[in-house]
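# Examining the three-dimensional arrangement
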There are 4 protein chains.
Amino acid sequence: MARTLGSSGPATLEAIRRAGLRLIYERGYEAMSLRQLASEIGMSQGSLYNHIATKQDLLFLLVRDHMQDLLDHADRALDGITGASERLIALVEFHVAYHIDRKREVFMSYSELRSLEPRNFEVIVAMRKAYETKLIAILREGSAAGLFTITDHQAAAYGILAMLAGILNWYNPKGRLSKKELAAIFVEMVQGAVYDRSAEARVSPAPLPVKARARTVA
Amino acid sequence: MARTLGSSGPATLEAIRRAGLRLIYERGYEAMSLRQLASEIGMSQGSLYNHIATKQDLLFLLVRDHMQDLLDHADRALDGITGASERLIALVEFHVAYHIDRKREVFMSYSELRSLEPRNFEVIVAMRKAYETKLIAILREGSAAGLFTITDHQAAAYGILAMLAGILNWYNPKGRLSKKELAAIFVEMVQGAVYDRSAEARVSPAPLPVKARARTVA
Amino acid sequence: MARTLGSSGPATLEAIRRAGLRLIYERGYEAMSLRQLASEIGMSQGSLYNHIATKQDLLFLLVRDHMQDLLDHADRALDGITGASERLIALVEFHVAYHIDRKREVFMSYSELRSLEPRNFEVIVAMRKAYETKLIAILREGSAAGLFTITDHQAAAYGILAMLAGILNWYNPKGRLSKKELAAIFVEMVQGAVYDRSAEARVSPAPLPVKARARTVA
Amino acid sequence: MARTLGSSGPATLEAIRRAGLRLIYERGYEAMSLRQLASEIGMSQGSLYNHIATKQDLLFLLVRDHMQDLLDHADRALDGITGASERLIALVEFHVAYHIDRKREVFMSYSELRSLEPRNFEVIVAMRKAYETKLIAILREGSAAGLFTITDHQAAAYGILAMLAGILNWYNPKGRLSKKELAAIFVEMVQGAVYDRSAEARVSPAPLPVKARARTVA
DNA sequence: AATGAATGAGTATTCATTCAT
DNA sequence: AATGAATGAATACTCATTCAT
């Protein structure tokens, strides 16, 4: 087939990225072939190379742009918010929402780290570290303010991020919990994990008021 | 040439599994070739097929056996322990230790789910669910006993497991934290996440005793 | 390296078909490797797949196109000819000539039926049946006209076709008998096999010149 | 599994031959693997080599023994019969019956000639020629006696044999025609093909029972 | 910017055969 | 006579990439 009239360069690149993202999400980078990708968007294999340099390049672009987007949105979500508690809540809420809304990009950025060439890998890891650093800074701020009780800030930050990131593996938008409810649940859990706790709430037997709406698992 | 002396059947299979595990961990299932695998253990490609049926079969065996091992060890770790709090602590400690000690198997079992054929996938997912169910049961028991305050037991369980599983992505045995310290940190965080909290510990300003040993990130 | 100058798409496919036909004829479909095929026409194995989908596909194309050709030529050979005797003679003469001229295609179409996938097999068998039906129709017409004495039209048709098809297994164009002589011999035998045994039923009542020169076997 | 008690050498060889015959008939020599063969008879691949030298050897044994059997049975069928007409009838009847009864051996012996190594090929071709020679001799005898009118004895013999051999490709023992009827039909056709076309030359002057029941094709 | 045809290295898997046990 | 494990070469097919047009 000859080229589709009206499809200009940037639009084609965008189509490649969209299809690439989906295929990498569904099959994985190694398992995705450029043949599939080309046929998905109705173009020949060779033509792809007018838009991307290599398969690795496509992966890197997708991951890097997503990471930049993540950083930008996180900054925006935190913009103007002060106080470690408030910033923690804002970051958790943003993180949950983003992981649900951009499920495929986020998943790809975790799972295909291994497929990145060393040079590209380093770039992405640095961006990831920048994101983690945002949370660590908030935790430190809260600790300094006497709000949080954290044994190891890095471990806590990694733990929190992992807990939230896990959501994308099981969250079902048509399921029991709305995005808002989910965010609330995880805000609560994160708070519990980092806040100072009164000694009597510990393993101690003292039973406490039952939560009214303790739901059952779907 | 005939067989290499001294190599017997079960030993060869074990060598294949060991090398397969390592290669899948390092490169991913798709990226690992049976050529590499064979050359790693010093045997011809064709000979692999005296021990495994297919590449997929090798993956499945590795993942399935690991999952069974995980379930068995979890049962053993919980054996004889009563009380939701105590059982929660035991499970978290076991989980952390296991994820550190069996890093490669665990990582593979998460990251290569996608590479499993539908039939195999279902088997593994069922085993995974059985594991998750152990934690959910403990959380329910704690809620029923008035110990825990959990909005959604499934979400909480998934969150906890994800938080702990994340450890394998960054834990360095030669690093700052010992396995024991790490377990203690995460036991604390998990407890905070599920225990009832006294209202005044919430977002509220009430400052609490600063932790003495607030460490800095490595 | 890029493509060899001067080799265009259709020409390459034609080269593949030609070489494929020859190799299948000489070695059989199973025994022919695409490696051989590619090297015969001076191209890499992978390039074959720009022209054919699979090895099976190549076989099917060759057999199907040959069968269509056979049907078309048979129709042309019978076109405008009336009378069962005349049509029988025309078909036999055509059949003999075609089996000699297109020896490889014909042989392949018989001997590789077994190698066709079920779906493809059915297509070819239907075409073959269409050809057989042409002869059966002629025999029936002749029987109805009182010219032929045939116990079972299907058996007779199969017998005749098998007798003629056998020619390709032993006919030698440089041998004793010319194509024309051969056709005459088999026309005679077929006539004898189906005609009513009363002399006047013959198409050419004039008995063929006695072979004083009864030849010896080559 | 250890060896089955009571299975002695010759019995095992016989099992190999039986399974080999069936597999070669069903899939072709090239497509049959010794792995399949071994598993069919419940023995390991390696053990086959206690009974056969090579795969090629198995093929050769099967074809050669069948050819010898064919020759022996043909001799027996002709034994004591005199007169070209009578001998022709006897050979045709035998040939038809044998091709129906030993369908797989016969088919294999035609279709796998190509798979025989040159040395083996020559042996089999010589045996085949010996068989053909029997028919040619009968035809010559009939011609000399003025019974047959044959332009070329070799061509006639090949034509007759091909016509009869074709039967195995379509004959269905549960079908319309019995083996006896089939033999009668082909005896008639062969006679028509070779007899002098004067009615009195017929072997049985009494016209064969009219086929009031000229059947239609199934 | 697009294409079709090419390439060479690579894929998992199968093969007939060998041989120590 | 049987087996399990080994081998090396072969199989059809796929891959990312190149490039003349």
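For the structure given in this document, a descriptive report is provided here. Remember, predicted model here, so these are calculated numbers, not experimental data. (Residues numbered from 1 in each chain as written. Chains lettered and ligands numbered in written order. Predicted model: local features only at pLDDT ≥ 70, side-chain atom pairs only at ≥ 80, totals over all residues. Heavy atoms only, no water.)

## So, the overall build of chain A
Across its full length, chain A carries nine helices and zero strands. Looking at chain A residue by residue over its 218 residues, the buried ones come to 49%. Taking contacts inside chain A between residues at least 6 apart in sequence as the whole, the part at least 24 apart equals 68%. Summing over all exposed atoms, chain A offers an accessible surface of approximately 10,300 Å²; the carbon and sulfur share of this is 55%. (Helix = DSSP H or I, 4+ residues; strand = E, 2+ residues; numbered from the N terminus. Buried < 20%, exposed > 50% of the residue type's maximum accessible area, 1.4 Å probe, protein only. Contact = heavy atoms within 4.5 Å. Areas by Shrake-Rupley, 256 points an atom, 1.4 Å probe, with all protein chains shown as cover.)

## Here we look at the interface of chain C and chain D
Taken together, the 45 residues of chain C in the interface contact 45 residues of chain D. In total, chain C and chain D occlude about 3,700 Å² of area from one another, counting both sides; carbon and sulfur atoms represent 58% of this. Taken together, the links from chain C to chain D amount to four salt bridges. Residue Arg176 of chain C pairs with Asp152 of chain D through a salt bridge whose shortest N-O separation is 2.1 Å. The tally of links between chain C and chain D comes to 12 residue pairs in polar contact (both at pLDDT 80 or more). When residues of the side of chain C that touches chain D are traced back to their parent elements, those giving at least two are α1 (9-27), α6 (103-111), α7 (118-144), α8 (153-165) and α9 (179-194) of chain C. Of the residues forming the side of chain C that touches chain D, the biggest block, nine residues, is contributed by α8 of chain C. The residue inventory of the side of chain C that touches chain D, partitioned by class, reads 22 nonpolar, 10 polar and 13 charged. (Buried area = accessible area lost by both parts, 1.4 Å probe. Salt bridge = Lys/Arg side-chain N within 4 Å of Asp/Glu carboxyl O. Polar contact = N/O pair within 3.5 Å; in protein donor to acceptor, adjacent residues only side chain to side chain. Nonpolar A, V, L, I, M, F, W, Y, C, P; charged D, E, K, R; others polar.)

## With respect to the protein's contact with DNA strand E
As a matter of local geometry, DNA strand E sits amid 42 residues, with His51 of chain A, Arg35 of chain B together with Ser47, Asn50 and His51 of chain C nearest to it. The sugar-phosphate share of atoms of DNA strand E within 4 Å of the protein amounts to 68%. The separation between a phosphate oxygen of DNA strand E and a polar main-chain atom of Met32 of chain D is 3.2 Å. Broken down by secondary-structure element, the contributors of at least two residues to the surface near DNA strand E are α1 (9-27) and α3 (45-48) of chain A, α2 (34-40) and α3 (45-48) of chain B, α1 and α3 (45-48) of chain C together with α2 (34-40) and α3 (45-48) of chain D. Partitioned by chemical class, the residues of the surface near DNA strand E number 12 nonpolar, 24 polar and six charged. (Near = heavy atom within 4 Å.)

## Focus: the side chain of Arg17 of chain B
In this fold, Arg17 of chain B is placed in helix α1 (residues 9-27). In this structure Arg17 of chain B touches Leu58, Leu61, Leu62 and Asp65 of chain B, once residues within four positions along its chain are discounted.

## Overview of the protein's contact with DNA strand F
Close contacts around DNA strand F come from 42 residues, with Ser47, Asn50 and His51 of chain B, Arg35 of chain C together with His51 of chain D the closest. Counting only the atoms of DNA strand F that lie within 4 Å of the protein, the sugar and phosphate share comes to 66%. Within the backbone of Leu34 of chain A, a nitrogen or oxygen atom sits 2.9 Å from a phosphate oxygen of DNA strand F. Within the residue set of the surface near DNA strand F, elements represented by two or more residues are α2 (34-40) and α3 of chain A, α1 and α3 of chain B, α2 (34-40) and α3 of chain C together with α1 (9-27) and α3 of chain D. Each residue belonging to the surface near DNA strand F can be placed in one class, and the counts come to 12 nonpolar, 24 polar and six charged.

## A closer look at the relation of the copies chain C and chain D
With an RMSD of 0.1 Å, the operation that places chain C on chain D is a rotation of 180° combined with a shift of 0.0 Å along the axis. Taken together, the turn and the small shift mark the pair as related by a two-fold rotation axis. Of the residues that chain C buries at the interface, 100% are likewise interface residues in chain D, meaning the two copies contact each other through the same surface. (Least-squares fit on C-alpha atoms with pLDDT ≥ 70 in both.)

## Structural notes on the nonpolar core
Membership of the largest hydrophobic core comes to 133 residues, with the highest contact counts inside it found for Leu139 and Phe186 of chain A together with Leu139 and Phe186 of chain B. If sequence neighbours within four positions are ignored, Phe186 of chain B has contacts with Ala155 and Gly159 of chain A together with Val92, Val96, Met163, Leu164, Ile167 and Trp170 of chain B. By size, the runner-up hydrophobic cluster in this structure holds 132 residues, among which are Tyr98 and Val187 of chain C together with Ile16 and Leu182 of chain D. (Core = buried A, V, L, I, M, F, W, Y, C linked by side-chain atoms within 4.5 Å.)

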